[in-house]
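# Secondary and tertiary structure notes
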Amino acid sequence: MEPFPSDQIQLPRNMIENSMFEEEPDVVDLAKEPCLHPLEPDEVEYEPRSSRLLVRGLGEHEMDDDEEDYESSAKLLGMSFMNRSSNLRNNMSVYRQNPNGSCSVPSTRTMVVCTVVLVIAVSLIMVIYLLPKCTFTKEGCHKKNHTMELIYPLASNGKIFPWAKIRLPTDVVPLHYDLVLQPNLTTLKFAGSVKIVVNVVQVTWKIVLHSSGLNITKATITSAGGHQEKPVEFLEYPLHDQIAIMAPEALLVGQNYTVNIEYSSNLSDTYYGFYKISYKDENSKQRWFAATQFEPLAARSAFPCFDEPAFKATFLIKIKRDENLSTLSNMPKKATAPVTDGIVQDEFFVSLKMSTYLVAFVVADLKNISRETNGSLVSVYAIPQHLNQAGYALNTAVKLLEFYQKYFLIKYPLEKLDLVAIPDFQSGAMENWGLITFRETALLFDNNTSSARDKKLITAVIAHELAHQWFGNLVTMKWWNDLWLNEGFATFMEYFAMEEVFPELHSDEDFLNLIFKAMMKDSLNSSHPVSSAVQSSEQIEEMFDALSYIKGASLLLMLKHYLTKDVFQAGVEVYLHNHNYESAQSDDLWDSMNEITNGTLDVKKLMKTWILHKGFPLVTVVRKGKIISVQQEKFLYRVETENWTSDASYLWDIPLTYITSSCNFTHCTNAYLLDQKSEEVEWIKFNVDMNGYYMVHYADDWKTLIDLLKKNHTALSPKDRANLINNIFNLAGLGKESLEKAFDLIEYLTKESSTAPLTQALFQLSLIYNLLEKNGEQQLAARVMHRIEHLLGDKIDQQRWTDDGTLSERELRSTLLTFACIHDIRNCSTTATQMFEKWVKSNGTMSLPSDVMKAIFTAGAKSSDGWEFLLQMYFSSASEAEKSKMIEALASTDDVRKMIWLMQNSLEGEVIRAQELSHIIATVSQSLPGYLLAWDFVKENWKKLTRKFHLGSYTIQNIVSWSTSQFATKVHLLEVKSFFESKSEESSQLRCVKEAIDTIQLNIQWMERNLATLQELL
Ligand SMILES: [Zn+2]
């Protein structure tokens, strides 16, 4: 999956350590030896995360009535018990009063009987109070966050559910699915039936699999030899999205059985599962579109299945549809047959062996263009009015497919590859095997309105998803803890393939910027190892973050440079050949690499230090004459010592690279593990082109590098210059270097013309500007802006308002002019407003240069009339590329009512699609009038947001990060902390929440440390 790339700026929580899983209690699967005796609650298998079990429910503030009653009862038990027993005593004394009113002394026997009665009564009351109400109801206990429920898993019908773990049992494995679906785009419901052929690995009486939100009407089982379907009892356990098929007799080892389930459900109104999308056709008529998004955990909401990546199987899919629509699935279509009036059934060929999260289907009115390459038909599909924007994607996909087949030495195994533009899509794209789905802006290129940056985005997303056809689809990670094997690899290949196939795009500079951002996130205590133990749905969702994608990719980049290109490629080929159609773990990759290095280097030992530990090293270089010594320590922003993980002594195996004054940087890169170097040189720069995932501190030698940049900055490559800017500002944040020196280093920028260092400097200065502006230091912020003008003003003035130049120049133009127009510097707004007015006069028919379009729209949206006109044009534009520039410009308004209107309407998803919401919130939270508003909006709508986008998802991570990133006061820190503490445990424990808290604390610390220095400096 590709999270929407412009979202990748965001920052994460401590993971449960592996040791928690090692402490899994010994359990007995009684269902394997069924019917010998009734199943007792304490014989049911325990959920392994026992420590989480124990605390669940405490500190919960969002409980439903049942839970609240239960909890308050438990707390008040002592008091209630006393009241009730005193009532009992009163009743007894009334009973014992004799007719004449005098009191008699009770006999010993009476006393004993009464005591027994009292004890029984009190015990009964205690039992009634202790058990949750639902225990005795027909529905049973199936609400989330229920302590008792996890200890005694009760199915929705009140019976004991025979499995209590989140992960499925491995006694039965799926081999093949026959899936028939009939979606109805009028009623927005669907009916389905699935036949699953399973193989029994261990004798059992139950088959546990996933199902979520499906209304199951019938379940039967057929044995391999038998022809008769036998109806079976099935139990549902919604807390874990599981159902259990209870077999009438023991299922025998080695035998195949077929489970047949019939069900129905609604098309989802979220972005997960089999979901519905509303869009307008060429005639502005509302139409419906149905598509799937299963990764990571939503295949179970479209059909009952073994929804874990390691349970690979083959799939035969049949879809019944309206004869006017078309359907697509992973495999080519085999046949179409009439069913009833106006309804036909499409049958697709049987798939290759694959994971459930890669299954996909689309039902809509679509058109396509196609081209054949190497025996596979590549097609790009879009709604009819967007088909004219599909050409660039088709060319790009064909080129990249050819490249990957050569690089991996494995042919793309399917006869077709479809790329489909989906009109409303949460992430950037999804790599479903043979049927890749995209957000429209990530696939459709419009010659008039798509910018240089849009072209890079589309190329990058296609490169990423095509790489997944091998990394992820052919070889899949065993479990979500190793998601980086999918995502890190696909991200690495995305940039590698772009450099090889489209060198003119300079995508390595984009990759560099993403690595800088991932390191920001990884330098917080809330970070996590690339490979981290995960179990719950929120934890799995949270793995889709910059660390799995970008850090994973940058570690592979470092390894490739260390091993050399050819050795790395050979290792990748071995890995793919050894594990195709199977699943793998991180160690399998290192073992494959070791087959190539053949004892000369232990890749596993080297890479484990990077994969299993959070954070990265800071290498300090000290030069004394001819002696250069280097040392490593953990780079970590220290905030409060609360929840501190003591891992400061951790050591990495660092493949150090360096260049010196005595040789040209293209020829003298040396690489070896931490060692010494003795040669007198004028200057030395480590981490060449930032190909290693570490920062470097030059101790007393920064001055030498600063002077070098001022005298002859081209002695270093643009990436090295960007790397120095990034490192010195981060070291200043850490307190290791002065901010004064950081500002001194960027003084050379007046001579800089490369995109990478300019972009990095602008990013660092914008962070400082934003922090000052939002925290009552407007005057100082203005002085930062003045400094930006001093450094970049000439560069901004030199930009032309056209689409001329190389892609890199065009992208820089777009960055500089958008920045200048947003901050109203260098007369940018005057030029942009004039162009906007001309565009308005032409009623939007005049063609604007695509690279500066956003700057023009941003300037135009500052006036109320301009904003209204832009909104009308947004509704009528047929170009998604244009619309995305318009929506960001609309959100950059200073009018708070307009900001609220945009956020509210995007959340509702009617007039503005919900896919835009995280961008709108990001833009609003960057502006002075909007940043508090964005946070208020998130607080007020937290429940709706987490329903629409799922807790832990990339979108939620971004929304939390953006809406809190500007805070730098203790009041805001407290406010953010107490808001999330008042929500469910799942919300407050989110990594992005911990990260937001770390970031605010760091902001506070930064302000305290640097305010006085800045006052003097600027
Ligand atoms: Zn991906």
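Read on for a plain summary of the structure. None of the values given here were measured: they were computed from a predicted structure.

### Details of the environment of Pro 231
Its place among the elements puts Pro 231 in strand β5 (residues 230–231). The spatial distance from the C-alpha of Pro 231 to the C-alpha of Ala 219 is 6.0 Å, given a sequence separation of 12 residues. Each residue touching Pro 231, except ones within four places of it in the same chain, is listed here: Ala 219 and Thr 220.

### Regarding the packing of aromatic side chains
Tallied over the entire structure, the rule returns 55 aromatic pairs. For the pair Phe 294 and Phe 303, a centre-to-centre distance of 6.2 Å together with 65° between the ring planes defines the contact as edge-to-face. You'll find Phe 294 and Phe 303 in the same group, each marked buried. Here the aromatic rings of Tyr 874 and Phe 875 are separated by 5.9 Å at their centres, their planes lie at 65°, and the arrangement is edge-to-face. Three or more aromatic residues joined by ring pairs make a cluster, and in this case those are Phe 403, Tyr 404, Tyr 407, Phe 408, Tyr 412, Trp 470, Phe 471, Phe 489, Phe 492, Phe 496, Phe 568 and Tyr 575. Over the ring of Tyr 874 we find Lys 883; its NZ or CZ atom is 5.0 Å from the centre of that ring. Geometry around Tyr 271 places Lys 948 over its ring, the cationic atom sitting 5.1 Å from the centre.

### Looking at the sheet that holds strand β11 (residues 314–322)
Taken together, the 8 strands give an open sheet; going across it, the order is β5-β4-β8-β2-β1-β11-β14-β13, and neighbouring strands pair in mixed fashion. Two strands in the sheet have a free side with no partner beyond their single neighbour: β5 and β13 (333–340). Alignment of strand β1 (residues 172–184) against β11, held across 6 bridges, turns out to be parallel. In the strand pairing of β11, Asp 178 is matched with Leu 316.

### Concerning helix α31 (residues 970–981)
The terminal C-alpha atoms of α31, which comprises 12 residues, lie 16 Å apart, in line with the 16 Å expected from a rise of 1.5 Å per residue. Of all the residues in α31, the buried ones are His 972, Leu 973, Val 976, Phe 979 and Phe 980. The buried residues of α31 occupy an angular sector of 140° when the element is viewed end-on, so they sit on one face. Summarising the geometry of α31, the exposed residues directed more than 90 degrees from the buried face are Lys 970, Val 971 and Leu 974. At its buried positions, α31 is contacted by α28 (931–940), α29 (942–949), α30 (954–964), α32 (985–988) and α33 (991–1017).

Cut-off values and rules
Residues numbered from 1 in each chain as written. Predicted model: local features only at pLDDT ≥ 70, side-chain atom pairs only at ≥ 80, totals over all residues. Heavy atoms only, no water. Helix = DSSP H or I, 4+ residues; strand = E, 2+ residues; numbered from the N terminus. Contact = heavy atoms within 4.5 Å. Phe/Tyr/Trp six-rings, centres within 6.5 Å; stacked < 30°, edge-to-face > 60°. Buried < 20%, exposed > 50% of the residue type's maximum accessible area, 1.4 Å probe, protein only. Lys NZ or Arg CZ within 6 Å of the ring centre and 35° of its normal. Pairing = 2+ DSSP bridges. Expected span 1.5 Å × (residues − 1). Arc of directions from axis to C-beta.

By themselves, these figures tell us nothing about what the structure is for.
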